[in-house]
Amino acid sequence: MMEYLNRLLVKMHSKPKFKFHAKCKNVGLTNLILVDDILLFSRGDVNSVQMLMNIVQIFSKTIGLVINPRKFKVFCGGMDRDTQNLLCRITDFEEGKLPMKYLGVPITSKRLSLHHYLPLIDKITHRMKHWTTKLLSYAGRISLVKSIVLAITQYWMQCLPLPQFVIHKIDQLCRTFVWTGDTTESRKSPVAWSTVCSPKSQGGKCIINLAMWNKITLLNCLWNLCKKSDNMWVKWVHMVYLKGEDVMVAQVVKDSSWIVKRILELRDQVLHIQSLWDSMLTHEKFRMNAVYDLLTNRDQNVDWRGLCCRNAARPRAVFTTWLICHGRLATKHRLKKFTVIRDSNCSLCHDEEETIAHLVFACRYTYDVWQRILAWINVNHLPLPWNEELRWVMEHTAKKGWKACLLKMAFIETLYGIWHRRNIVIFGPTSHTDIVYSIIDCIIYRGWQHHKIKKHIAHMLS
């Protein structure tokens, strides 16, 4: 049906009384069909608008669909009030005001103000304040941020660039939510947000850097302009603003759209990815993930990067190990340094100061736990100090066999079990369950769902 309407509008182009919109004449644009909506363009004179309405009436009579005037709007610009009122009477439509919302995103002819982005921030805040988020652990909150919150933001970025203030506000909401479970109460982050957003190989949690992704979406638009894709927007920009010039050297026209200006301002960024850029132009495909990795992977990889990746242990246990590897676990030694507490003796043995190195391996209580866990998984090894033990585990879990998978899972589950028992001793309630049995139960449950080690755990239990 829409093809029939398009043919009627194309025939109308040849009539001398019809005048195109000032920005649409070069590309012969009179209509855009978006999902189940349609936009019609013409010059704001009586003859052109009347001809458009005649075409709409012919189309309506042919297919039997009647126009509902309450669902249509007239958007006028650069004309006096009397002419606007006359066009509204001709069309029988109400006058619309910019910006308007389409598919949840504001559309306007001018640069958006900060208050136009408030629906995006409110939507993210609403997701975080949902009652189920109060039940999430640190790992669960990170998963929510990665899967839902950033997906909403990326949807907006595909439509228009976000200002720095909005990106900073979203980062602040995500950071506060991850570390506190709320959006209002803030506290000092154990790990810097830039580290959390870094790749897993560099000790991060691979949360997308919004400022960088904002640039990459604009680079995608620049790449489309370079390729001159068969796209109406690309054709329109080349006709109206570039006027035949090469997009990489063309001068920015003062009356250009604010989005076009933002796109052309990023041409210098191409120098940092020149080889990849040339490859994408050759293969006619823009690879956003490859560009993101090239622009962000500039730091050194951490030695323990393989420990927290592809581990069958519980996500909360993996997250606790991640904090331990960063040296940011809230032990008594660390709390005393920030003058939160005065007594820093170990909560399990009460012999020495409770540092990470002491708590996880040097404590006589945890040393016994490690010996029993290693004996249960048939590993002949005596626990070492933390740094040496970490290197030993990384060496023995570098392979992909079932023994390496089991050792890596048991290592992380034991670390979490020790930390969990330490918190029970401090905060309660008192538990009389043997910590080793609890750790073994978790190893069996998680390992039973892993195809590599399921049969071996069954053999250990027989």
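It should be noted that the structure appears before, not after, this text.
Let me begin by describing the structure that accompanies this report. Bear in mind that the values here come from a model prediction, so they are computed numbers and not experimental data.

A tally of helices and strands in the protein chain yields 20 helices and six strands. Computed over its C-alpha atoms, the radius of gyration of the protein chain comes to 31 Å, more than 25% above the 23 Å expected for a compact globule of 462 residues. Counting only C-alpha atoms, the protein chain reaches 95 × 50 × 45 Å along its principal axes. Pairs at least 24 residues apart make up 59% of the contacts formed inside the protein chain by residues separated by at least 6 positions. Total accessible area computed for the protein chain in this model is approximately 26300 Å², and 53% of it derives from carbon and sulfur atoms.

Before going further, it helps to examine the nonpolar core. If you look at the biggest cluster of nonpolar residues, it comprises 115 residues, and the most contacted ones within it are Leu162, Ile216, Phe286, Val291, Trp322, Trp386 and Phe411. When residues in this core are grouped by element, the largest group, 11 residues, is from helix α18 (residues 402-427). Those residues in contact with Phe411 that sit more than four places away from it in its chain are Leu307, Phe361, Trp370, Trp386, Glu389 and Val393. By size, the runner-up hydrophobic cluster in this structure holds 10 residues, among which are Leu5, Phe18, Ile55 and Phe59.

Structurally, Thr366 can be placed in helix α16 (residues 364-376). Along the chain, Thr366 and Asn214 lie 152 residues apart, while their C-alpha atoms are 47 Å from each other. Only 3.2 Å separates the side chain of Thr366 from the backbone oxygen of Leu359, close enough to count as a polar contact.

A few words now on helix α11 (residues 274-283). Listing the buried residues of α11 in full gives Leu276, Trp277 and Met280. Down the axis of α11, the smallest arc covering the buried residues is 100°, so these residues share one side. Away from its buried face, by an angle of more than 90 degrees, α11 presents the exposed residues Ser275 and Thr282. Looking at the buried residues of α11, the elements they touch are α8 (210-227) and α12 (288-296). A positive backbone phi angle near 55° is found at Glu284, which sits one or two residues after α11.

Conventions adopted
- Residues numbered from 1 in each chain as written.
- Predicted model: local features only at pLDDT ≥ 70, side-chain atom pairs only at ≥ 80, totals over all residues.
- Heavy atoms only, no water.
- Helix = DSSP H or I, 4+ residues; strand = E, 2+ residues; numbered from the N terminus.
- Rg over C-alpha atoms; globule rule 2.2 N^0.38 Å.
- Contact = heavy atoms within 4.5 Å.
- Areas by Shrake-Rupley, 256 points an atom, 1.4 Å probe, with all protein chains shown as cover.
- Core = buried A, V, L, I, M, F, W, Y, C linked by side-chain atoms within 4.5 Å.
- Buried < 20%, exposed > 50% of the residue type's maximum accessible area, 1.4 Å probe, protein only.
- Polar contact = N/O pair within 3.5 Å; in protein donor to acceptor, adjacent residues only side chain to side chain.
- Arc of directions from axis to C-beta.

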